[in-house]
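# Chains, contacts and geometry: an overview
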Amino acid sequence: MKDFNRSGVMIDMSRNAVMNVGAVKKMIDINARLGYDFLMLYTEDTYEIEGQPYFGHLRGRYTSEELKDIDSYAQTKGIELIPCIQTLAHLGAIMKWPKYKDINDCADILLAGDERVYALIDSMFKTLSENFKSRIANIGMDEAHFIGLGKYMQEHGIRNRLDILLEHLGKVSEIAKKYGFELLMWGDMFFRLANNGDYNGSVDSSVKSRIPDNVTLIYWDYYSKDKKHYDENIINHKAVDENVWFAGGLWTWTGFTPHNEASIENSIAAIESCREHGVKNIIMTMWGDDGGECSRFSALPSMYAVSEFLKGNTDMKSIKSGFYKEFGIEFDEFIALDLPDTPNNENGRINDPEKYMLYSDCFMGIADSTVRDGDGKKYAVCAKKLEKNVDNKEFGFLFSTAKALCDVLELKYELGVRTRKAYKENKKSQLKKLIGDYDEVISRIEVFYDKFEHQWSIENKPHGFDVQDIRIGGTLMRIKHCKKKLESYINGETDSIPELEEPVLPYKGNEPTDINNFCNIVTANVMFFQ
């Protein structure tokens, strides 16, 4: 692609939604058609390691046979399949198993300096060497915020944490060299440790000489539309590694819907800055935070647009025309999959009300302070726009799922507010009328569940959908319970509903609400050990 050596997409296979082999091959086909030359599979523990039966157990991990099959297929399409793993943090899933307790520093972080850790990492690289033709590996090491502050500190005392990181990196580097790998590494921890946790800033020039010669840093940033922001951070990264790669975002990780428009706006600024500063290699990430609810195929508009930006084409009219020729759906119609996030979004932020209002409790809605009269009706408009493509042979399932979600939100979005208002005003006649809405919401959620389950089965392995069963099933049971309590109150069997007596408080004070973590959305009560 013009001015760039390499470009590709990274897909998160670690937040429950592990794409099945057929879906990965389809994504390889699309990447090849758009001009990308590599695909990264982000696997924290979702790949099989010989001698580590608990590593990725019950998580839908890829077998060696599956990885070899995907790798061989990618080669036939001119795509390099690059492994993307974790060798320090983001290994919380394995920490659930007692087997790994002794090599846990704290949180989701491995115990640096422990030889058992390096034996595990050696087995990781042995697996990669056997299943991937590529001899490039992304080793992660991002967001290890508490490195050296848990068991490590108990065993070694207080040490400079940058030293701990570099010593650990050195050992991982040597293991990688044993298997012939060149390494990529998310670059944030060098900056965070130097700037009190902030990724934006500079690093002492002495760090450059301490980074192993087979390690290249990645500057990752998904959040800004300001080119100057990228300029400053690229300059800071190049001071540490002249050959730094850049990773931007195809937003698929904050709810059920993609954020193509935000991805496109951010990427225009980022790619312009990369081109100006000589960054030659680009990764576009598709994360799946908090459950992997969003379809990766729903980000096709931004994936296509970025591929054109990399070729030097920023003319959106041309891009939209090319997208239609490539996928058979008008660009603006496909990007309608963004809509469930947008009806009540007045601040231009990525807020994901389609997620937090789906799971919002009808009596104790944490985000109810954001609801305004008429918000629900806007989802009926969204559903109408999405309906046009539900019968599309290739991608209709995406529109069908999004429409069903909008159908739910048309009624559920304001249900808690309307319930509380009628209760506070002691209007039992209005509460009685709301019982029908509770029944209809239950029915619509069941339809959405069926559509969502179908979408998941097309793209992903079944493992991980258990979480969706628990979340959506729990939501249904809670709505049924609220309905039952309303009926008891209406019939005079109870004198009050204590939950509705509570005041509604803004979740983030005067800041805009954006809640995309299920546990924070669904209840103020304890859902896990704290």
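None of the values given here were measured: they were computed from a predicted structure.

Next up on the list: the overall build of the protein. Along the backbone of the protein there are 20 helices and 10 strands. A compact globule built from 530 residues would reach a C-alpha radius of gyration of about 24 Å, and the protein, at 24 Å, matches this within 12%. With the C-alpha coordinates aligned to their principal axes, the bounding extent of the protein is approximately 75 × 60 × 45 Å. Counting across all 530 residues of the protein, residues that qualify as buried make up 59%. A sequence separation of at least 24 residues applies to 78% of the contacts in the protein between residues at least 6 apart. For the protein, the computed accessible surface area is about 21,700 Å², with 49% contributed by carbon and sulfur atoms. Averaging the positions of the 66 positive and the 83 negative side-chain charges in the protein gives two centres separated by 2 Å.

Two side chains bearing opposite charge may form a pair once their charged atoms approach each other closely. Using the criterion set out here, one finds 46 salt bridges in the structure. Where Lys178 meets Asp122, a salt bridge forms, and the shortest distance between an N and an O atom there is 2.9 Å. Residue Lys178 is found in helix α5 (residues 161-178), and its partner Asp122 is found in helix α3 (residues 115-131); the two are separated by 56 residues along the sequence. As a salt-bridge pair, Glu293 and Arg471 come within 3.3 Å of each other at their nearest N and O atoms. One end of the pair, Glu293, is in the loop between β10 (281-286) and α10 (300-310); the other, Arg471, is in helix α18 (residues 465-490), and 178 residues separate them in sequence. Assessed through its relative accessible area of 2%, Glu293 is described here as buried. Through salt bridges with shared partners, one network takes in Asp12, Arg15, Glu44 and Asp289.

Turning next to the nonpolar core. By size, the foremost hydrophobic cluster in this structure holds 181 residues, and its most contacted members are Leu39, Phe125, Phe190 and Met303. Look past the residues within four positions of Met303 in its chain and what remains in contact with it is Val9, Met27, Ile30, Asn31, Leu34, Tyr36, Leu250 and Met286.

Right, let's get into a negative patch on the surface. Side chains of Glu446, Asp450, Glu453, Asp466 and Asp469 sit close together on the surface and give a patch of like negative charge. Counting only elements with at least two residues in the negative patch, the list comes to α17 (428-459) and α18. Topologically, Asp466 is positioned in helix α18. Since its relative accessible area comes to 44%, Asp466 is described here as partly exposed.

This part takes up empty space enclosed by the protein. All chains considered together, the criterion is met by 6 cavities of 30 Å³ or more. Counted as a void, the largest cavity has a volume near 110 Å³. Contributing to the lining of the largest cavity are 13 residues, with Phe256, Leu398, Thr401, Ala402 and Gln455 lying nearest its centre. Counting residues per element, the ones that place at least two in the lining of the largest cavity are α15 (396-412) and α17. Per element, the largest residue contribution to the lining of the largest cavity is 4 residues, and it comes from α15. Looking at the lining of the largest cavity, its residues break down into 7 nonpolar, 5 polar and 1 charged.

Before going further, it helps to spend a moment on the layout of surface pockets. Estimates place the volume of the largest pocket at around 890 Å³. Per-element accounting of the lining of the largest pocket gives the leading share, 3 residues, to α18. Along the lines of polarity and charge, the residues of the lining of the largest pocket split into 6 nonpolar, 9 polar and 8 charged.

Right, let's get into the confidence of the model for the protein. In the predicted model, the protein carries a mean pLDDT of 96, and the fraction of residues at 70 or more is 98%. Highest mean pLDDT in the protein belongs to strand β6 (residues 136-138) (99); lowest belongs to helix α20 (residues 518-522) (93).

All right, on to the side chain of Glu66 then. Following the sequence through the fold, Glu66 ends up in helix α2 (residues 64-76). Polar contacts involving the side chain of Glu66 include one to the side chain of Lys461, which spans 2.8 Å. Beyond its immediate sequence surroundings of up to four residues, Glu66 is in contact with Val21, Arg61 and Lys461.

Turning next to the packing of aromatic side chains. Scanning all chains against the criterion turns up 35 aromatic pairs. Aromatic side chains Tyr219 and Phe246 sit 5.3 Å apart centroid to centroid with 65 degrees between the ring planes, which places their arrangement in the edge-to-face category. Taken together, the residues Tyr219 in strand β8 (residues 215-220) and Phe246 in strand β9 (residues 245-249) connect sequence positions 27 residues apart. Their ring planes at 85 degrees and their centres at 5.4 Å tell us that Phe323 and Phe331 sit as a pair that is edge-to-face.

The rules behind each value
Residues numbered from 1 in each chain as written. Predicted model: local features only at pLDDT ≥ 70, side-chain atom pairs only at ≥ 80, totals over all residues. Heavy atoms only, no water. Helix = DSSP H or I, 4+ residues; strand = E, 2+ residues; numbered from the N terminus. Rg over C-alpha atoms; globule rule 2.2 N^0.38 Å. Buried < 20%, exposed > 50% of the residue type's maximum accessible area, 1.4 Å probe, protein only. Contact = heavy atoms within 4.5 Å. Areas by Shrake-Rupley, 256 points an atom, 1.4 Å probe, with all protein chains shown as cover. Lys, Arg positive; Asp, Glu negative; His and termini not counted. Charge placed at Lys NZ, Arg CZ, Asp CG, Glu CD. Salt bridge = Lys/Arg side-chain N within 4 Å of Asp/Glu carboxyl O. Core = buried A, V, L, I, M, F, W, Y, C linked by side-chain atoms within 4.5 Å. Patch = residues over 30% accessible without salt bridge, like charges linked within 9 Å, V, L, I, M, F, W, Y side chains within 5 Å. 1 Å grid on protein atoms, 1.4 Å probe; cavity = no way out; pocket = protein on both sides within 12 Å on 5 of 7 lines; lining within 4 Å. Points joined across faces, edges and corners; volume = space filled by probe spheres on them. Nonpolar A, V, L, I, M, F, W, Y, C, P; charged D, E, K, R; others polar. pLDDT = per-residue confidence, 0-100. Polar contact = N/O pair within 3.5 Å; in protein donor to acceptor, adjacent residues only side chain to side chain. Phe/Tyr/Trp six-rings, centres within 6.5 Å; stacked < 30°, edge-to-face > 60°.

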